[in-house]
Amino acid sequence: MKIYIVKDEKELSRKAANIISAQVIMKPEANLGLATGTSPIGTYAQLIEWYNKGDLDFSEVRSYNLDEYVGLPADHEQSYAWFMHHYLFDHVNIKPENIHIPNGMELDAEVACTTYDRLLEESGGIDLQLLGLGVNGHIGFNEPGDAFEKTTHKVKLTESTRQANARLFKEDESVPEYAYSMGIKSIMQARKILLIANGENKAEAVKKALFGPVTPEVPASILQLHNQVTVIVDEAAGRLIKDLV
Ligand code: GLP
């Protein structure tokens, strides 16, 4: 595991975007596993900037997103489909048919999850999986629990996750109770993983994930068992690990 503690979110975004660009340049038809949340926004903005300069081409890239809220249509501003279009897809030349996101409007969980797993299987594997980190150590929407969920599954979001994500919803909207999330096995099967986290409120989760015991109570701790993980955190999120790296 390679861990970088960088000065701030700007530096983090630049470094993360560099790694994603390198992947796309080396393999133009790369399968990218993508994440939502505030953490990757700067990274996506940097990728867009380089795309506009002509340095990046997404025409052959395939994307697979980690998760989606159950019950939110793709045009709902809080859906992860909307997020991805707004912060990345609408600004680069990725082909619409190459974009994959769990279908939050498929209310039959069995159908939604097996369909997504089939797509992942048929993809030939994710080359680079970008991950953010929940304050409770979740990745995707794999919440702390008694066991690691292997494949795409329906998740009942924890209160702490719903509260953390409430800031992105309007006052009269409530955070959905359920989401579909790629499973831990699918995430771990990615050839390379890039985990990013910034801000003081992630410091505890960063320490537990990277240096604590590997346990489903801290879903991100499983990443310690993957041999191609790069972690980029800013100084605030890396506060509790700076003497350990
Ligand atoms: C959300 C997403 C995760 C994301 C995490 C952190 O719940 N499902 O994929 O990594 O929370 O979000 P943020 O980057 O906004 O802190």
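In what follows, the structure referred to is the one given above.
The structure presented is a predicted model; accordingly, all values stated were derived computationally and were not measured. (Residues numbered from 1 in each chain as written. Predicted model: local features only at pLDDT ≥ 70, side-chain atom pairs only at ≥ 80, totals over all residues. Heavy atoms only, no water.)

This next bit is on the pattern of salt bridges. Applying the stated criterion across every chain, the model contains seven salt bridges. Between Glu177 and Lys156 there is a salt bridge; the shortest N-O distance is 2.9 Å. In this pair, Glu177 is assigned in the loop between α5 (159-166) and β8 (178-181) and Lys156 in strand β7 (residues 153-156), connecting sequence segments 21 residues apart. According to the relative accessible area criterion, Glu177 is partly exposed, its value standing at 39%. For Glu159, the salt bridge is made with Arg162, and the minimal N-O distance between the two is 3.5 Å. (Salt bridge = Lys/Arg side-chain N within 4 Å of Asp/Glu carboxyl O. Helix = DSSP H or I, 4+ residues; strand = E, 2+ residues; numbered from the N terminus. Buried < 20%, exposed > 50% of the residue type's maximum accessible area, 1.4 Å probe, protein only.)

With antiparallel pairing, three strands are arranged side by side in an open sheet as β4-β8-β7. The open sheet has two free edges, formed respectively by β4 (67-69) and β7, since each of these has just one partner strand. Across the sheet, the mean angle separating the axes of adjacent strands is 25 degrees when strand polarity is ignored. Examined bridge by bridge, β4 and β8 share three bridges and lie antiparallel to one another. Looking at β8, one finds that Glu68 is bridged to Tyr180. (Pairing = 2+ DSSP bridges. Axes fitted to C-alpha atoms, helices over the stretch in contact; angles between N-to-C directions.)

Most of strand β9 (residues 192-197) sits out of view: five of its six residues are buried. Judged from the four bridges that link them, strand β6 (residues 128-131) and β9 form a sheet pairing that is parallel. In the sheet register, Leu131 faces β9, and the bridge partner there is Leu195. The pairing of β9 with strand β10 (residues 229-234) spans five bridges and is classified as parallel. Of the residues in β10, the one forming a bridge with Ile193 is Val229. Between the parallel elements β9 and β10, the chain passes through helix α7 (residues 203-211) in a crossover that is right-handed. (Right-handed = clockwise from strand over helix to strand, strands pointing away.)

Every one of the 14 residues lining the ligand counts as a neighbour, but Thr38, Ser39, Asp67, Arg167 and Lys202 are closest to it. A distance of 2.4 Å is found between an oxygen atom of the ligand and a side-chain nitrogen or oxygen belonging to Ser39. In this structure, His138 approaches the ligand through a side-chain N or O atom, which is 3.2 Å from an oxygen atom. Across the shell around the ligand, the residue classes break down as three nonpolar, eight polar and three charged. (Near = heavy atom within 4 Å. Polar contact = N/O pair within 3.5 Å; in protein donor to acceptor, adjacent residues only side chain to side chain. Nonpolar A, V, L, I, M, F, W, Y, C, P; charged D, E, K, R; others polar.)

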